[in-house]
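Tertiary structure, described
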Amino acid sequence: MIFNFDFNDYDAVIFDLDGSLVDSMWMWGAIDREYLGELGYEVPSDLSGAIAGLSFYDTAEYFKNRFHIEDTLEEIGNRWNEMAWDKYTNEVTLKKGVKEFIQACYNKGMKFGIASSNSKELIQQVLKCRGLLDFFDTIKSGSEGYASKPSPELYLAAAQDLGVDPKRCLVFEDITQGIMAGKNAGMTVIAVDDQYSAFQEDEKRELADHYIYDYGELIS
């Protein structure tokens, strides 16, 4: 697939967070193991596939029902936030080339949004710690009640906040459900390589408009 990136074709860039903007999918696997271990469970082999693309709220509901957890959904979410806070602050890194790409887009007057299933508090924390928070004009989180990907709700809400036609939005996603969400919103979607979703690579390439290993590929 030939994809010629031109800044002039877009008015906004909307990122998924985990696995797309930051290299953090490893962290959630570690949290799943630690959290379920506290409850006396091992991580089932099908868990990552079952929760891929689910909103923060829907993931908590899935855990509660599958593992018969007595805590409320809010308590489950709060525990995950506690476990993730330190890792987002001190261990999670940006995807290769993304900071330079954002600066290049910013210099062209483009707007920025986040559309992530993660909680808003964690999104803001990782952006702040990586020096990116001030670039973003809107953050749409799955914890705010939006339908889980592949529903386009998160992306359409972000575009509305930005005041940008969805067709003029460029999306970055790392899993198939997210790619489908961006395409269902009528946006151009670039798939980002990520070790966590390597098993989906062929499908990601088929669904997305382009596939990258490094954001520098778009500005070189």
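Figured I'd write up the structure that's included with this text. (Residues numbered from 1 in each chain as written. Predicted model: local features only at pLDDT ≥ 70, side-chain atom pairs only at ≥ 80, totals over all residues. Heavy atoms only, no water.)

Here we take up the overall build of the protein chain. Scanning the protein chain for helices and strands turns up nine helices and eight strands. For 220 residues, the compact-globule formula gives about 17 Å, and the C-alpha radius of gyration of the protein chain, at 17 Å, lands near that figure. With respect to the three principal axes, the spread of C-alpha positions in the protein chain is 55 × 35 × 30 Å. Buried positions account for 51% of the 220 residues belonging to the protein chain. (Helix = DSSP H or I, 4+ residues; strand = E, 2+ residues; numbered from the N terminus. Rg over C-alpha atoms; globule rule 2.2 N^0.38 Å. Buried < 20%, exposed > 50% of the residue type's maximum accessible area, 1.4 Å probe, protein only.)

Turning next to unusual backbone geometry. With an omega of 20 degrees, the peptide bond between lysine 149 and proline 150 qualifies as cis. Inspection of the secondary structure assignment puts proline 150 in the loop between strand S5 (138-141) and helix H7 (153-162). Backbone geometry at histidine 68 places phi at a positive 55 degrees, although glycine is not the residue there. Secondary-structure assignment places histidine 68 in the loop between helix H3 (56-66) and helix H4 (73-90). Of the residues examined, histidine 68 reaches a relative accessible area of 64% and is grouped as exposed.

We now examine the sheet that holds strand S4 (residues 111-116). The strand order across the open sheet built from six strands is S5-S4-S1-S6-S7-S8, with neighbouring strands paired in parallel fashion. Strands at the two margins of the open sheet, each flanked by one partner only, are S5 and strand S8 (210-212). Ignoring strand direction, the axes of neighbouring strands in this sheet form an average angle of 20 degrees. As judged from the four bridges shared by strand S1 (residues 12-15) and strand S6 (residues 169-173), these two strands associate in the parallel manner. Looking across to S6, one finds that phenylalanine 15 is bridged to phenylalanine 172. Along the sheet face, helix H6 (residues 120-129) touches S4 and S5 and points at about 140 degrees away from the line of S5. The sheet contacts of helix H8 (residues 176-184) involve S6 and strand S7 (188-192), and relative to S7 the element is tilted by about 165 degrees. (Pairing = 2+ DSSP bridges. Axes fitted to C-alpha atoms, helices over the stretch in contact; angles between N-to-C directions. Contact = heavy atoms within 4.5 Å.)

Inspection of every chain in the model, using the stated rule, returns one cavity of 30 Å³ or more. One number sums up the size of the largest cavity: a volume of about 40 Å³. Taken together, Ser48, Gly49, Ala52, Ile175, Tyr196, Ser197, Phe199 and Gln200 make up the lining of the largest cavity. (1 Å grid on protein atoms, 1.4 Å probe; cavity = no way out; pocket = protein on both sides within 12 Å on 5 of 7 lines; lining within 4 Å. Points joined across faces, edges and corners; volume = space filled by probe spheres on them.)

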